Amino acid sequence: FLIEKIFLGSNVIRHFVSFSEKCLFEQFFGVARNSVVIENTNFREKELGCIDFTPTRDFYLYVGRITQVKNIDFIVKNIIQLNNEGVLKKTVKLNVVGFIDDTTLISKNDFIYQESIRELVSKQDTNSAVDLLPITSDPLAFIASCKAIILASDTEGLPLAFLEAMSAGKPLIGASVPGIVDLIDNEVNGFLFACNDGDDFKSKLYRFEQDQKLLVDMGRASLARYRANYANCIFYDKLGHLYFDEN
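Predicted model only: the values in this text are computed from it and were never measured.

## Quick word on the overall build of the protein chain
At step 1: Across its full length, the protein chain holds eight helices and nine strands.
At step 2: In the protein chain, which comprises 247 residues, the share counted as buried stands at 46%.
At step 3: Nonlocal contacts in the protein chain, meaning residues at least 24 apart in sequence, comprise 66% of its contacts between residues at least 6 apart.

As structure tokens, then:
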């Protein structure tokens, strides 16, 4: 099985190396080819240029669908509490990106959940620490400039937001649930916290705020882990073996 990577962040060409592979492709897609261009759906690393591991802006980030299974209210509530406790010298800031105001584009339950988060911030965020932002066509801009990206989901598959953050050299903070634990090597490229444990979650933020060098070191480790395990050429190679290996 061979994949030729053209250049970092580009599409890749999948060369079929056996007659059975060509037949399988023709069976599924109705086209006979010796090779196929596979669209790069991973993080467009080349758009970032040279990666700077020092955060350019002072905020943590959640980016994605605003839905209850993602436990975004947990993140918001605990960051507000951490600020209100006054244990840190400066305000911990959070950007939540993904709000949709057009009710025809989201479910009723998601809309109700969005409004509950807005109400939470309106009533409790006395430090103006949380920014609730609309869905964006350019999440890369937020990922590239944040301090770290957070997921507190009750369940996950393999979170694309974390893969994007890793390839941008960002540390991760995530709940200890399947999918997330596959991407975080605890205390190496980020922190795991016990699911729905606010004190544990806040303790991880506290460590980042007390030692900014951790952000840089864990960001480097995130990028290294991404390149070793999830870069396009490696990902497609593993996927190809899964579907095409006769053994």
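Structure shown, so let's carry the discussion forward.
## Points about the pattern of salt bridges
Any two side chains of opposite charge can pair, on the condition that their charged atoms come close.
At step 1: Inspection of the entire model under this criterion finds 13 salt bridges.
At step 2: Residue Lys147 pairs with Asp58 through a salt bridge whose shortest N-O separation is 2.8 Å. With Lys147 in the loop between α4 (139-145) and β7 (149-151) and Asp58 in the loop between β3 (35-38) and β4 (60-63), this residue pair connects regions lying 89 residues apart in the sequence.
At step 3: Its relative accessible area of 33% is what places Asp58 among the partly exposed residues.

## Section: the packing of helix α2 (residues 72-85) against helix α6 (residues 198-210)
At step 1: Contact geometry of α2 with α6 gives a least axis separation of 10 Å together with a crossing angle of 65°. Here α2 lies roughly perpendicular to α6, going by the angle between them. The way α2 lies across α6 gives a crossing that is right-handed. Across the interface between the two elements, Phe74, Ile75, Asn78, Ile79, Gln81, Leu82 and Glu85 of α2 pack against Gly198, Phe201, Lys202 and Leu205 of α6.
At step 2: Partitioning the contact of α2 with α6 into residue classes produces six nonpolar, three polar and two charged.

## Focus: the layout of surface pockets
At step 1: Here the second largest pocket defines a volume of roughly 180 Å³.
At step 2: What lines the second largest pocket is simply Tyr62, Val63, Gly64, Arg65, Lys70, Pro139, Leu151, Glu156, Pro159, Leu160, Ala161 and Glu164.
At step 3: Top contributing element to the lining of the second largest pocket by residue count: helix α5 (residues 160-167), with three residues.
At step 4: Of the residues contributing to the lining of the second largest pocket, the split by class is seven nonpolar, one polar and four charged.

## Description of a nonpolar patch on the surface
At step 1: Taken together, the side chains of Phe235, Leu239, Leu242 and Tyr243 make up a nonpolar region of the molecular surface, amounting to roughly 430 Å² of accessible area.
At step 2: The residue Leu239 is located in helix α8 (residues 232-244) in this model.
At step 3: Taking the relative accessible area as the measure of exposure, Leu239 reaches 33% and is therefore partly exposed.

## What to know about the environment of Val188
At step 1: Looking at the element boundaries, Val188 is found in the loop between β8 (172-175) and β9 (190-193).
At step 2: The class for Val188 is partly exposed, based on a relative accessible area of 40%.
At step 3: Along the primary structure Val188 and Leu214 are separated by 26 residues, whereas in three dimensions their C-alpha atoms are 9.2 Å apart.
At step 4: In this structure, Val188 is in contact with Asp217, Met218 and Ala221, ignoring residues within four places of it in sequence.

## A closer look at the environment of Glu187
At step 1: Note on placement: Glu187 falls in the loop between β8 and β9.
At step 2: The spacing of Glu187 and Pro171 is 16 residues in sequence and 9.7 Å in space, taken between C-alpha atoms.
At step 3: If near-sequence neighbours (up to four positions away) are discounted, Glu187 is found in contact with Arg207 and Met218.
At step 4: Polar contacts involving the side chain of Glu187 include one to the side chain of Arg207, which spans 3.2 Å.

## Observations concerning the confidence of the model for the protein chain
At step 1: Summarising the model, the protein chain shows a mean pLDDT of 83, and 79% of its residues fall at 70 or more.
At step 2: Note on residues 1-18: pLDDT under 50 across the span, and 63 contacts to partners over four residues away in sequence or across chains.
At step 3: This model gives residues 35-49 a pLDDT under 50, and the stretch forms 50 contacts once residues within four places in sequence are excluded.

## Structural notes on the packing of aromatic side chains
At step 1: Per the counting criterion, the structure on display carries four aromatic pairs.
At step 2: Geometrically, the ring pair formed by Phe74 and Phe201 is tilted, given 5.4 Å between the ring centres and 45° between the ring planes. Remark: Phe201 occurs in helix α6 and Phe74 occurs in helix α2; sequence separation between them is 127 residues. With respect to class, Phe74 is no different from Phe201; both count as buried.
At step 3: Residues Phe191 and Phe208 carry aromatic rings whose centres are separated by 5.0 Å and whose planes lie at 55° to one another, so their mutual orientation is tilted. Placement of Phe191 in strand β9 and of Phe208 in helix α6 is noted, with a sequence separation of 17 residues between them.

Rules behind the numbers
- Residues numbered from 1 in each chain as written.
- Predicted model: local features only at pLDDT ≥ 70, side-chain atom pairs only at ≥ 80, totals over all residues.
- Heavy atoms only, no water.
- Helix = DSSP H or I, 4+ residues; strand = E, 2+ residues; numbered from the N terminus.
- Buried < 20%, exposed > 50% of the residue type's maximum accessible area, 1.4 Å probe, protein only.
- Contact = heavy atoms within 4.5 Å.
- Salt bridge = Lys/Arg side-chain N within 4 Å of Asp/Glu carboxyl O.
- Axes fitted to C-alpha atoms, helices over the stretch in contact; angles between N-to-C directions.
- Parallel < 35°, antiparallel > 145°, perpendicular 65-115°, else oblique.
- Left-handed = near helix turned anticlockwise from the far one by under 90°.
- Nonpolar A, V, L, I, M, F, W, Y, C, P; charged D, E, K, R; others polar.
- 1 Å grid on protein atoms, 1.4 Å probe; cavity = no way out; pocket = protein on both sides within 12 Å on 5 of 7 lines; lining within 4 Å.
- Points joined across faces, edges and corners; volume = space filled by probe spheres on them.
- Patch = residues over 30% accessible without salt bridge, like charges linked within 9 Å, V, L, I, M, F, W, Y side chains within 5 Å.
- Areas by Shrake-Rupley, 256 points an atom, 1.4 Å probe, with all protein chains shown as cover.
- Polar contact = N/O pair within 3.5 Å; in protein donor to acceptor, adjacent residues only side chain to side chain.
- pLDDT = per-residue confidence, 0-100.
- Phe/Tyr/Trp six-rings, centres within 6.5 Å; stacked < 30°, edge-to-face > 60°.

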